[in-house]
Amino acid sequence: ITNGLLGLGKVFGQDELVRKLLGCLNDEWEPKVTAIEESKDLKTMEIDELLGSLMTHEVKLNKKSAKLVESKPQEERRKDIALKSTHKEDMSSEDELEEED
């Protein structure tokens, strides 16, 4: 969006870009956004520094979610992905009679 606006002649300062980038993140990122806003001077922060910080946080989130999946018992993981499908052709004639009733 900012690149498109730049093409139209609207120029953003570095601090405005940093604030806009932090503002567009979803609720999952709120703790990190708050930490950055409180610990850093946003007026002097570079976009590259912000992106590095956000990418580091994303890697940590991905590792944490991967550990949660690995720590699930094997049986629970199977329940999450196992689906059972029954087709009419597979059903015995007794099952068909019960369905018709």
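Scroll up to find the structure this text is about.
Scoring rules and cut-offs
Residues numbered from 1 in each chain as written. Predicted model: local features only at pLDDT ≥ 70, side-chain atom pairs only at ≥ 80, totals over all residues. Heavy atoms only, no water. Salt bridge = Lys/Arg side-chain N within 4 Å of Asp/Glu carboxyl O. Buried < 20%, exposed > 50% of the residue type's maximum accessible area, 1.4 Å probe, protein only. Phe/Tyr/Trp six-rings, centres within 6.5 Å; stacked < 30°, edge-to-face > 60°. Lys NZ or Arg CZ within 6 Å of the ring centre and 35° of its normal. Patch = residues over 30% accessible without salt bridge, like charges linked within 9 Å, V, L, I, M, F, W, Y side chains within 5 Å. Areas by Shrake-Rupley, 256 points an atom, 1.4 Å probe, with all protein chains shown as cover. Lys, Arg positive; Asp, Glu negative; His and termini not counted. Charge placed at Lys NZ, Arg CZ, Asp CG, Glu CD.

(A) Spatial organisation of the pattern of salt bridges. Tallied over the entire structure, the rule returns one salt bridge. The salt bridge partner of Lys 40 is Glu 49, with a shortest N-O separation of 3.5 Å. Residue Glu 49 is classed as partly exposed on the basis of its relative accessible area of 38%.

(B) Summary view of the packing of aromatic side chains. Tallying each qualifying case throughout the model produces zero aromatic pairs. A cation over an aromatic ring shows up here: Lys 10 above the ring of Phe 12, its NZ or CZ 5.2 Å from the ring centre.

(C) Representation of a negative patch on the surface within the structure. A contiguous patch of negative charge on the surface is contributed by Asp 27, Glu 30, Glu 37 and Glu 38. Judged by its relative accessible area of 41%, Glu 30 is partly exposed.

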